[in-house]
Amino acid sequence: MSATIRATTPDLRTELINWRERLESAATSSQENIELSGLLREVRSAIERLGAPESYGVCQVCHDLIGQAAMNADPLAKVCLNCLTPEQLSELDDDLGRAWLIQGEFLPKQDFKFNGWEVSYYYEPAGRLSGDYCDLVSTDAGDLYFLIGDVAGKGVAASLLMSRLHAIFRSLISAQLPVNELVAKANHLFADTTMRPYYATLVCGRASAGGDVEICNAGHCPPLLIHGQTVTPVAATGLPVGMFCQERYETVSFKLNRNDRLLLYTDGLSEARNAATEEYGGRLKNTLSDCSALSAAKVVSRLVDDMRAFSSGNPLNDDLTVMAIEMVGH
Ligand SMILES: [Zn+2]
C-alpha cells in the first residue's frame, strides 16, 4: 500500500460515506431505480475495502496498486488499466469518444457574431475530455454573455462538472441579473451540489451594444485588454466558484472600442512549457502587443500557433481554451 494512497484515505472515506448517504436518501425517495441501487452497492463495497486497507486501491486481478491518478478519477475502481480485457478497453474508448461528442455539443458556434460583437475561440482537451468551460449566450435584451472557466482536475470528473457549470449559467442568464449577482448565484448552486475539493475558476462577462463590457473574475487567469500596443490585465475580483456557498463578487467595467481586443484563456495556454520548462505566460503580453489590428479569429490562431512553436509541439499538459472578442459594429 503506497504512502500517498494511505494519506488521502480518511478524506476519501468521508467523501464515500457522503456519497453513500446521498445515494441512500435518493434511493428511498425514488421507488425503483436500478442504476442508483447498483451505484450504492459499489460505494458500500468501496467503503468495505477502505476498512481493509490491503484491498482498497489494489487491483483485484494482478494485486498491484491501481495508482493514485486512476483512483482519483474513479474512487470505486477495482481493476487497474493493465488488467482490463481488450473488450473492456475498447468499451471504455467508445464511451470516452461518445462523451467527447456530447461535450462538443456544449460549445458555442465558432466565429460567433451578435449585436456588433464577434467572438472566436479555440478549445482542446489535454486528454479525451476537457474540464475547461467555454460558452457564449446572447439574450433578447441584446447582451452577449461570454464565459470561460477551468474546473480543478482533469478528465471525466472535471468534464462532468464543466457540464454542470454550463447548465447552471445557461439557466441563470435568462433572469437578467447584474453580473456579480449572476456569479454569486452560480457559485451558490455549484458549491451546494458539488463534492469538495472540486471548484472552478471562471470569468463571466457581459458585452452590451455600443461596446460596454462588464467582467466578473472568480479567481481565473486575468483577461487581457489589448489597446494599440498596450496590453492590460483585468484583475481577479473574487474566489473561485464552488469553494464557499456564500461569496460576494465584484465586477470591472470598461469600454471596448473598435480597435481593441479582449483575450480570455485558461492556464493550458499560460502554463504551457518549453524544453527549458519556462511557461508561455511570460511572453503572452509581448505576443499580444502587435495583435490589435488582427481580427478576433486571427488573434486566437496567432496565439495557439505561437504557443505550439514555444512548446515545440509537445502534447498539452492541461486543457486549453483561448477566446478573443472584438467589437466590429453593425
Ligand atoms: Zn491489475
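Relevant structure appears above.
Residues numbered from 1 in each chain as written. Predicted model: local features only at pLDDT ≥ 70, side-chain atom pairs only at ≥ 80, totals over all residues. Heavy atoms only, no water.

## A few points about the pattern of salt bridges
Applying the stated criterion across every chain, the model contains 10 salt bridges. R128 serves as the salt-bridge partner of D93, at 2.6 Å between the closest nitrogen and oxygen. With D93 in helix α4 (residues 86–106) and R128 in the loop between β2 (117–124) and β3 (132–138), the pair connects residues that are 35 residues apart, well separated along the chain. By relative accessible area, D93 is classed as partly exposed at 39%. A relative accessible area of 37% places R128 in the partly exposed class. E326 is the salt-bridge partner of R261, the closest N and O atoms lying 3.4 Å from each other. A residue pair is termed long-range when its members are at least 10 positions apart, and R261 in strand β10 (residues 260–265) and E326 in strand β11 (residues 320–327) qualify at 65 residues. Judged by relative accessible area, R261 falls into the buried class, the value being 6%. (Salt bridge = Lys/Arg side-chain N within 4 Å of Asp/Glu carboxyl O. Helix = DSSP H or I, 4+ residues; strand = E, 2+ residues; numbered from the N terminus. Buried < 20%, exposed > 50% of the residue type's maximum accessible area, 1.4 Å probe, protein only.)

## Concerning the packing of aromatic side chains
The full count for this structure, using the stated rule, is 3 aromatic pairs. Look at W100 and Y123: their rings are 6.3 Å apart centre to centre, the planes differ by 5 degrees, and that puts the pair in the stacked class. Highlighted residues: W100 in helix α4 and Y123 in strand β2, separated in sequence by 23 residues. Note on W100: relative accessible area 30%, which makes it partly exposed. (Phe/Tyr/Trp six-rings, centres within 6.5 Å; stacked < 30°, edge-to-face > 60°.)

## Considerations on the coordination of the zinc ion
Binding of the zinc ion to the protein goes through C59 (SG), C62 (SG), C80 (SG) and C83 (SG), at separations of 2.2 to 2.3 Å. Angles of 106 to 117 degrees at the metal separate the 4 donor atoms of the zinc ion, which places the site in the tetrahedral class. If you list the donors of the zinc ion from N- to C-terminus, the spacing comes out as C-x2-C-x17-C-x2-C. Considered together, C80 and C83 belong to a single accessibility category, that of buried residues. (Donors = N, O, S within 2.8 Å, 3.2 Å for Na, K, Ca; no water. Tetrahedral: all angles 85-135°; square planar, octahedral: opposite > 155°, others 65-115°.)

## Things to note about the packing of helix α5 (residues 155–173) against helix α6 (residues 179–193)
Interhelical geometry of α5 versus α6 gives an angle of 140 degrees and a closest axis separation of 10 Å. When the interaxial angle is binned, α5 and α6 end up oblique. Judged by the sense of rotation from one axis to the other, the crossing of α5 with α6 is right-handed. Residues L161, R164, L165, I168, F169, L172 and I173 of α5 touch α6, and the partners they reach there are L182, V183, K185, A186, L189, F190 and T193. (Axes fitted to C-alpha atoms, helices over the stretch in contact; angles between N-to-C directions. Parallel < 35°, antiparallel > 145°, perpendicular 65-115°, else oblique. Left-handed = near helix turned anticlockwise from the far one by under 90°. Contact = heavy atoms within 4.5 Å.)

## Section: the sheet that holds β2
Ordered in space as β1-β2-β11-β10-β7-β8, the 6 strands form an open sheet in which the pairing is antiparallel. Looking at which strands have only one partner, the edges of the open sheet turn out to be β1 (112–114) and β8 (230–233). Between one strand axis and the next, the sheet turns by 20 degrees as a mean value, whatever way the strands run. Both strand β7 (residues 224–227) and β8 contribute to a ladder of 4 bridges, which runs antiparallel. In the sheet register, L225 faces β8, and the bridge partner there is T232. (Pairing = 2+ DSSP bridges.)

## Observations concerning the environment of P125
Inspection of the secondary structure assignment puts P125 in the loop between β2 and β3. The buried category is assigned to P125, whose relative accessible area is 11%. Along the backbone, P125 and T321 are 196 residues apart, and their C-alpha atoms lie at a distance of 8.4 Å.

## Here's the deal with α5
With 19 residues, α5 should reach 27 Å at 1.5 Å per residue; the first-to-last C-alpha distance of 27 Å fits that figure. If you check which residues of α5 are buried, you get A158, S159, L161, M162, L165, H166, I168, F169, L172 and I173. Tucked inside the fold, the buried residues of α5 contact α4, β2, β3, β4 (144–151), α6 and β5 (200–207). (Expected span 1.5 Å × (residues − 1).)

## Focus on unusual backbone geometry
In this structure, D111 is a non-glycine residue whose phi angle is positive, near 50 degrees. Summarising the element assignment, D111 is placed in the loop between α4 and β1. A relative accessible area of 35% means that D111 is categorised as partly exposed. Even without glycine at this site, T277 takes up a positive phi of about 55 degrees. Within the secondary structure, T277 sits in the loop between α7 (267–270) and α8 (281–288). Taking the relative accessible area as the measure of exposure, T277 reaches 53% and is therefore exposed.

## Description of the state of the cysteines
Scanning the model with the defined rule gives 0 disulfides in all. For C291, which is in no disulfide, the shortest distance to another cysteine sulfur is to C221 and amounts to 18 Å. Given a relative accessible area of 0%, C291 falls into the buried group. (Disulfide = S-S within 2.5 Å.)

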